[in-house]
Number of protein chains: 2
Amino acid sequence: MDLREMGARAKDVSRILGKLGQTEKNAGLFAAAGELEAAASSILEANGQDVDAAVKRGMHAGLVDRLRLDGGRIKAMADGLRDVAALEDPVGEVESMKKRPNGLLIGRKRVPLGVIGIIYEARPNVTADAFGLCFKSGNAVILRGGSDAIRSNEAIVAAIRRGLLAAGLPEDAVQLVADTSRESARELMRLNGYLDVLIPRGSAGLIRTVVENSTVPVIETGTGNCHVYVDATADFQMALDIIYNAKTQRIGVCNACESLLVHQSIAEKFLPLLKERLDEKQVEIRADEASCRLVPGFVPAAEEDWGREYLDYILSLKQVGSLDEAIAHINRYGTGHSEAIVTRDYGNAQRFLEEVDAAAVYVNASTRFTDGAQFGFGAEIGISTQKLHARGPMGLRELTTIKYIIYGDGQVRP
Amino acid sequence: MDLREMGARAKDVSRILGKLGQTEKNAGLFAAAGELEAAASSILEANGQDVDAAVKRGMHAGLVDRLRLDGGRIKAMADGLRDVAALEDPVGEVESMKKRPNGLLIGRKRVPLGVIGIIYEARPNVTADAFGLCFKSGNAVILRGGSDAIRSNEAIVAAIRRGLLAAGLPEDAVQLVADTSRESARELMRLNGYLDVLIPRGSAGLIRTVVENSTVPVIETGTGNCHVYVDATADFQMALDIIYNAKTQRIGVCNACESLLVHQSIAEKFLPLLKERLDEKQVEIRADEASCRLVPGFVPAAEEDWGREYLDYILSLKQVGSLDEAIAHINRYGTGHSEAIVTRDYGNAQRFLEEVDAAAVYVNASTRFTDGAQFGFGAEIGISTQKLHARGPMGLRELTTIKYIIYGDGQVRP
């Protein structure tokens, strides 16, 4: 089936999905979850073929781990759909309905976006997660996963569609692009008139390609070069705990800390403690000259280190002479994801919150909290680092838009 | 100056603008308004040169009228800036600040987008209007108007910048791209890293070019193929008044009615009345076969008429057998702008509001109300027909985004 036909089907189905009540949508999610579990053996078989082929092609072990499914992971996908069913449905709420002087009653009604495209790589769990969030928010979704996971994705989508059908719901609520060529991705990026938004999930390279080649609206999700700035008045123990957590609690994620700024007035006392704490996890610290002189064992940083998202046990470190310098550095090298200050100074805390340009700005907390579940959204489809439409973790609400509904009794414009 | 340098300046200045309070921003708007009035003669001289050159090149009279300034229009531009000063500043509000179970206090703070690009054609008043809205919402703006208005725009921007400087504010809050070649427009569309959003204002062709060629986020503003659907139970007088208003009150605007759907059960009685009413303004009615048989004087419509935005005294007309057929027709041929039903039936009114996919959906009112001032926003920078970020009239609030601000006391992620 070609992409235009898939787009037309998705658009047709989105009209139906937009009108469904929460009861029907939840029934669909539960039915899909049941079918995923019932189809576990066929999904695992398909996944086994994907994994074998990937290993044969020499895929990196970390990526193979993300690709590989087991019984527990399939159960987690199914439970994820049930968790989404428990979330409040944002669709249909009317905000700020007001009467205008001429008697027109104008309100903002929350409605689904319509048709959402997701482009991702070799993580089959994204298939079920993305379907769940899109479906609950009343959207049709077109999924285009990577070629490495195509057999797994086909088995997962087939199970979800069987569930929808059994629940009396349109199975085209979720469609998978079977053709995993570059051409199909490019075509999806230009499916104007059918796709209301395209969300890339995956590596920085994938996201860049989508941003540069799409003519449909895109929500850019996030690479994170996240900083922790240790202010002159910081509580050392708190700073060490936050840095240790933000850097090492999970290294491969976009809200992990990649770069540290330390006020020069505390560097001599603080940096040896930092080294000691991060040595527990053998974190390599790439530091500016002044810091390297203070602490043996720091590795000299190059200019490009300030802009790196390591996703590894590596941290860049720079001393700054002032809060201004810290903010300027972050606004220059950061990716607009998550930024934190550790301080006991009221004014500095407020200025950092005000002047740092990022989706999430923290005082005295770990950057690792930028996450839909941690923010109380229940689940998320990604973390937006752009400023249009959605910024930060995107939950169900960010997969909706508004339309103005206007009740009149014959008003015409004078 | 090249566009990257302009972008860098705008980005620098946007940090300052984002922190300004309402008092300072209003002082800047008043100072700019004063300078516009003080510079009236030099603006008119520059505009005269633009108009002469345009006439010599054979520009259409309607376009020349949009290009031409006079004392009244300059005063209107200045007053427009003062009106924007009177609007409430959306920046800085913190929404839904909530405490999480771990004690983190998380709120959504409204902040400027940063740097906004506006691409437009030969309407010099857009120059002052766009500056006013962008400035009041704390954004730096890069303006790229058409070559036909370049002298006028340069004079207007120079006056505004003098005003900002006199008020002690950064004049780079507004910059005009002096190079009006196609290349400069293309470069602006790809100014990623500097522009947070690009808003095209003008013809359908301009908007299409921007959507197709931009790599920066775009807000698509609106062509409007707006429908009025006259339901079987409609009050005829109300329907005639609404259609007459929506079609003829102002023909060159995006919220004018371009197409009419009439329930077949009332066609025989209603259509002759319609013809009589629209004859007052010599509106040409391009109708389907069934309607042409009923009323002499209707012109046979071709298939392409259903998708046309005439912006003229022309209206397409089609009979439909049901509300479903009306909704399907609108969702197929509409541009997602403004759609209206005239009815006395509760269920049909609610279904129309629910199922029509457009920025503004009306019951028993003219489509001409889709407008920032009419909606109570005070002013607008355009009407969005896309679903991301902003839909419908875009006021000050739509030129902002949010960032999450998080107050902690040492929280780390378990």
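- In the annotation of an unreviewed UniProt entry, the entry for chain A reads Gamma-glutamyl phosphate reductase, and the organism field reads Candidatus Lachnoclostridium stercoripullorum.
- Its UniProt record, at the heading Sequence similarities (unreviewed entry), says of chain A: "Belongs to the gamma-glutamyl phosphate reductase family."
- Here chain A is described in UniProt, under the heading Catalytic activity (unreviewed entry), as follows: "L-glutamate 5-semialdehyde + phosphate + NADP(+) = L-glutamyl 5-phosphate + NADPH + H(+)".

1. Focus on the sheet that holds strand β5 (residues 174-176) of chain B
All names here are of chain B.
Part 1 of the argument: With respect to topology, four strands assemble into an open sheet ordered β5-β4-β3-β6, the strand pairing being parallel. The open sheet terminates on both sides in strands that have one partner only, identified here as β5 and β6 (197-201). Direction aside, the axes of adjacent strands within the sheet are offset by 20° on average.
Part 2 of the argument: Sheet topology places strand β3 (residues 115-120) next to strand β4 (residues 140-144); five bridges connect them, and they run parallel. Considered in β4, the bridge of isoleucine 116 is made with valine 141.
Part 3 of the argument: Sheet contacts for helix α7 (residues 150-166): β3, β4 and β5; angle to β5, the most-contacted strand, approximately 155°.

2. Regarding the packing of helix α6 (residues 125-136) of chain A against helix α7 (residues 150-166) of chain A
Residue and element names in this part refer to chain A.
Part 1 of the argument: Following both chains from N to C, one finds α6 and α7 inclined at 35°, their axes separated by 10 Å at the closest point. The two elements α6 and α7 meet at a crossing, and its hand is right-handed. Packed against α6, whose contacting residues are Thr127, Ala128, Phe131 and Phe135, the element α7 presents Asn153, Ile156, Val157, Ile160 and Leu164 at the interface.
Part 2 of the argument: A breakdown of the residues in the contact of α6 with α7 according to their chemical character gives seven nonpolar, two polar and no charged.

3. Focus on the interface of chain A and chain B
Part 1 of the argument: The interface of chain A with chain B comprises 74 residues on the first partner and 74 residues on the second.
Part 2 of the argument: Across the chain A to chain B interface the summed buried area is about 5900 Å²; carbon plus sulfur atoms make up 51%.
Part 3 of the argument: Among the residues chain A hides against chain B, the three largest losses belong to Leu388, Tyr404 and Arg413 of chain A. Together they make up 14% of the total.
Part 4 of the argument: At the boundary of chain A and chain B, one finds 12 salt bridges.
Part 5 of the argument: Here arginine 413 of chain A and aspartate 371 of chain B are joined by a salt bridge, their closest N and O atoms 3.9 Å apart.
Part 6 of the argument: Taken together, the connections running from chain A to chain B amount to 47 residue pairs in polar contact (both at pLDDT 80 or more).
Part 7 of the argument: The leading source of residues in the side of chain A that touches chain B is strand β16 (residues 400-411) of chain A, at 11 residues.
Part 8 of the argument: For the side of chain A that touches chain B, a count of residues per class yields 33 nonpolar, 22 polar and 19 charged.

4. Here we look at the environment of alanine 33 of chain B
Residues and elements named next belong to chain B.
Part 1 of the argument: Along the chain, the position of alanine 33 falls in helix α2 (residues 22-38).
Part 2 of the argument: Judged by its relative accessible area of 0%, alanine 33 falls in the buried class.
Part 3 of the argument: For alanine 33 and isoleucine 74, which are 41 residues apart along the polypeptide, the C-alpha to C-alpha distance reads 9.4 Å.
Part 4 of the argument: The residues touching alanine 33, leaving out its near neighbours within four places in the chain, are Ala78, Leu81 and Arg82.

5. Brief notes about the sheet that holds strand β2 (residues 105-112) of chain B
Part 1 of the argument: With respect to topology, 10 strands assemble into an open sheet ordered β10(A)-β9(A)-β11(A)-β8(A)-β7(A)-β12(A)-β13(A)-β16(B)-β2(B)-β1(B), the strand pairing being mixed. Because the sheet does not close on itself, it has two edges, and the strands there are β10 (299-300) of chain A together with β1 (94-99) of chain B.
Part 2 of the argument: Sheet analysis places strand β9 (residues 284-287) of chain A next to strand β11 (residues 314-320) of chain A, joined by four bridges and oriented parallel. Paired with glutamate 284 of chain A across the strands is isoleucine 314 of chain A, a residue of β11 of chain A.

6. Examining helix α5 (residues 71-86) of chain B
Part 1 of the argument: Between the first and last C-alpha of α5 of chain B there are 23 Å, a value that for 16 residues agrees with the 22 Å anticipated at 1.5 Å per step.
Part 2 of the argument: Of the surrounding elements, those touching the buried residues of α5 of chain B are α2, α3 (40-56), α6 (125-136) and α7 of chain B.

7. Some words on the relation of the copies chain A and chain B
Part 1 of the argument: Mapping chain A onto chain B leaves a residual RMSD of 0.1 Å; the transformation is a rotation of 180° accompanied by 0.0 Å of translation along its axis. These values place the two chain copies in the arrangement generated by a two-fold rotation axis. For chain A, the smallest separation between a C-alpha atom and the rotation axis is recorded for histidine 389 of chain A, amounting to 1.7 Å.
Part 2 of the argument: The residues that chain A uses at the interface reappear at the interface of chain B in 100% of cases, marking a shared surface.

Definitions and limits used
Residues numbered from 1 in each chain as written. Chains lettered and ligands numbered in written order. Predicted model: local features only at pLDDT ≥ 70, side-chain atom pairs only at ≥ 80, totals over all residues. Heavy atoms only, no water. UniProt positions renumbered as here; feature names shortened; annotations may be inferred. Pairing = 2+ DSSP bridges. Helix = DSSP H or I, 4+ residues; strand = E, 2+ residues; numbered from the N terminus. Axes fitted to C-alpha atoms, helices over the stretch in contact; angles between N-to-C directions. Contact = heavy atoms within 4.5 Å. Left-handed = near helix turned anticlockwise from the far one by under 90°. Nonpolar A, V, L, I, M, F, W, Y, C, P; charged D, E, K, R; others polar. Buried area = accessible area lost by both parts, 1.4 Å probe. Salt bridge = Lys/Arg side-chain N within 4 Å of Asp/Glu carboxyl O. Polar contact = N/O pair within 3.5 Å; in protein donor to acceptor, adjacent residues only side chain to side chain. Buried < 20%, exposed > 50% of the residue type's maximum accessible area, 1.4 Å probe, protein only. Expected span 1.5 Å × (residues − 1). Least-squares fit on C-alpha atoms with pLDDT ≥ 70 in both.

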